[in-house]
Amino acid sequence: MERHGGLHNLVRHELVTRQLAEQLTRGIALRVLDVGCAEGTQALRLARAGHFVTGIDPDPATLGLAQQALSAEPPEVRERVQLLTGDGHQVGRWFGPRSFDLVLCHGTLMYLPDPDPMLASVARILAPGGLLSLLVRNGDALAMRAGLMGDWRACQEAFDSTRYTNRLGLPARADRLAELSGTLAGFAVPVRHWYGVRVFTDTMPDEAAPVDGRQLAQLLDAEERAGRQDPYRQVAALLHVVAGK
């Protein structure tokens, strides 16, 4: 199993991969756009599964890591991936309507003061029957991390706000499920399903990932089960929202 920069990224990538696989049941090669592809983890996984993926990211250094990972793949995988430098606001200029069957936007909306323009652009380039996969910070449970770590001031502030400072020390914002669902419905891309990601592991240190394969599998199975059922998914650190045309 691949490991991605500690426990938090590992759980995130493994859970999102499983949840996406549950939604991608058409059995055909899809045209995929990964907005904010970072190191290319999901892009490469989808390319290995036979899909044609375009990844874009505004950070040349991060995109360089994705290119490095891509160069290690077999030729048939490399041929299915295109990596571009840019941000999600440019997709409406770069790609025409109905260009993609699946659009990923994971860990990107949290850095936008107003995500609506990007969501509108993404909805425009999504083909009929296409899916939009969003990974966002859970605004309905923003106080959980601070509370579980004993930071009571931050906990109290989080009850009344969707703004927070992330682990990198960067200002960010969270999304409340009801509000995000309303926005997507307004763009004719209603929510079909949603999952929780990192229900149990969000406050665990990154170095706490089990080395033993059996223990790691048990951890991921527990996270997966919690992420698909209430009340657990409601208090997850992240929400994986799948919407469709």
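Further up the page is the structure itself.
Residues numbered from 1 in each chain as written. Predicted model: local features only at pLDDT ≥ 70, side-chain atom pairs only at ≥ 80, totals over all residues. Heavy atoms only, no water.

Asks: Honestly, the packing of helix α1 (residues 7–23) against helix α2 (residues 41–48) in this entry has me stumped. Any pointers?
Replies: Where α1 meets α2, the axes come as close as 11 Å, and the angle between the chain directions of the two elements is 40°. Judged by the angle between their axes, α1 and α2 are oblique. Here α1 runs over α2; the crossing is right-handed. For the pair formed by α1 and α2, the contact residues are H13, E14, V16, T17 and L20 on the first element and T41, Q42 and R45 on the second. (Axes fitted to C-alpha atoms, helices over the stretch in contact; angles between N-to-C directions. Helix = DSSP H or I, 4+ residues; strand = E, 2+ residues; numbered from the N terminus. Parallel < 35°, antiparallel > 145°, perpendicular 65-115°, else oblique. Left-handed = near helix turned anticlockwise from the far one by under 90°. Contact = heavy atoms within 4.5 Å.)

Asks: Sorry if this is basic, but what is going on with the sheet that holds strand β8 (residues 191–197) here?
Replies: Sheet strands line up and pair through hydrogen bonds in the backbone, either parallel or antiparallel. The seven strands lie next to each other as β3-β2-β1-β4-β5-β9-β8, forming an open sheet whose pairing is mixed. The open sheet has two free edges, formed respectively by β3 (81–85) and β8, since each of these has just one partner strand. Averaged over all neighbouring strand pairs, the angle between strand axes comes to 15°, with direction disregarded. Here helix α6 (residues 116–125) sits on the sheet and contacts β1 (31–35), β4 (100–106) and β5 (126–137); the angle it forms with β5, its principal contact strand, is near 150°. (Pairing = 2+ DSSP bridges.)

Asks: Before we go on, may I ask you to explain the pattern of salt bridges in this structure?
Replies: If charged atoms from side chains of opposite charge come close, those side chains can pair. Per the counting criterion, the structure on display carries 15 salt bridges. Salt-bridge contacts for R31 lead to D101; the nearest nitrogen and oxygen are separated by 3.0 Å. With R31 in strand β1 and D101 in strand β4, the pair connects residues that are 70 residues apart, well separated along the chain. Classification of R31 by relative accessible area gives partly exposed; the value is 36%. According to the relative accessible area criterion, D101 is buried, its value standing at 11%. (Salt bridge = Lys/Arg side-chain N within 4 Å of Asp/Glu carboxyl O. Buried < 20%, exposed > 50% of the residue type's maximum accessible area, 1.4 Å probe, protein only.)

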